[in-house]
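A look at the structure
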Amino acid sequence: MKGGTFRNTQWDPTLLSSQIVSMQFCVYFTLGLLVFVANKLSGDNYSLDHLFEYHIHIYDMGGRLVICAFVLNAFLASLALWCIVRRAKLCLDFSCTFHVLHLLICWWYNRSFPANASWWLLNVITGTIMCIGGEFLCLQTEMKEIPVGYAALNQKSDV
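Summarised in this report is the structure supplied together with it. Note that the coordinates shown come from a computational prediction; the quantities given were computed from them, not determined experimentally.

Using the criterion set out here, one finds 9 aromatic pairs in the structure. Seen in terms of ring centroids, Y54 and W119 are 5.4 Å apart; in terms of plane orientation they differ by 75°. Their pairing is edge-to-face. Highlighted residues: Y54 in the loop between α2 (49-52) and α3 (61-85) and W119 in helix α5 (residues 117-142), separated in sequence by 65 residues. Note on accessibility: Y54 and W119 belong to one class, buried. A centroid spacing of 5.8 Å and a plane angle of 45° characterise the contact between F113 and W120, whose relative ring orientation is tilted. Assessed through its relative accessible area of 42%, F113 is described here as partly exposed. Connected via pairs of aromatic rings, a cluster forms that spans Y54, W107, F113, W119 and W120. It is R111 that lies over the ring of W108; its NZ or CZ is 5.7 Å from the centre.

The next point concerns unusual backbone geometry. Residues other than glycine seldom take positive phi values, yet R86 does so here, at roughly 60°. Within the secondary structure, R86 sits in the loop between α3 and α4 (88-110). A relative accessible area of 49% places R86 in the partly exposed class. The phi dihedral of R111 is positive, around 60°, even though this residue is not glycine. Positionally, R111 belongs in the loop between α4 and α5. Residue classification places R111 among the exposed residues on the basis of a relative accessible area of 65%.

Thresholds, definitions, all that
Residues numbered from 1 in each chain as written. Predicted model: local features only at pLDDT ≥ 70, side-chain atom pairs only at ≥ 80, totals over all residues. Heavy atoms only, no water. Phe/Tyr/Trp six-rings, centres within 6.5 Å; stacked < 30°, edge-to-face > 60°. Helix = DSSP H or I, 4+ residues; strand = E, 2+ residues; numbered from the N terminus. Buried < 20%, exposed > 50% of the residue type's maximum accessible area, 1.4 Å probe, protein only. Lys NZ or Arg CZ within 6 Å of the ring centre and 35° of its normal.

Right, dumping it as structure tokens:
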């Protein structure tokens, strides 16, 4: 007798690729909006430097608002993980994938590998928030009771 599994674990490269592209789009879109708002509040000019440059300015209001935008975006990225990936087991993979791709984009944009400790610290913190927040939200969904029996047939399910 063949043992059953709860979920289909077959590798689907199309689904995986589309989830990666969707995550990249959602996270960069919200980050762009938040950095735009931060720049408007601080009176700075909006440029891609705020998204991809290694130098993080912590001594002026504009730099602090950009840091807050990155941290707030990590929480929004957790929601994106919950909506797009929907598996707590995969949240670490998708968080790391996003941040590795962000590293590669920043490396290409700056034409040098990041050596700034504050840039690494910010990305480790946002990656951690994104992963743990996404896992928490996905676990809340995965831990919902599955109705069984005759009463379950008469109720609508939100699965």
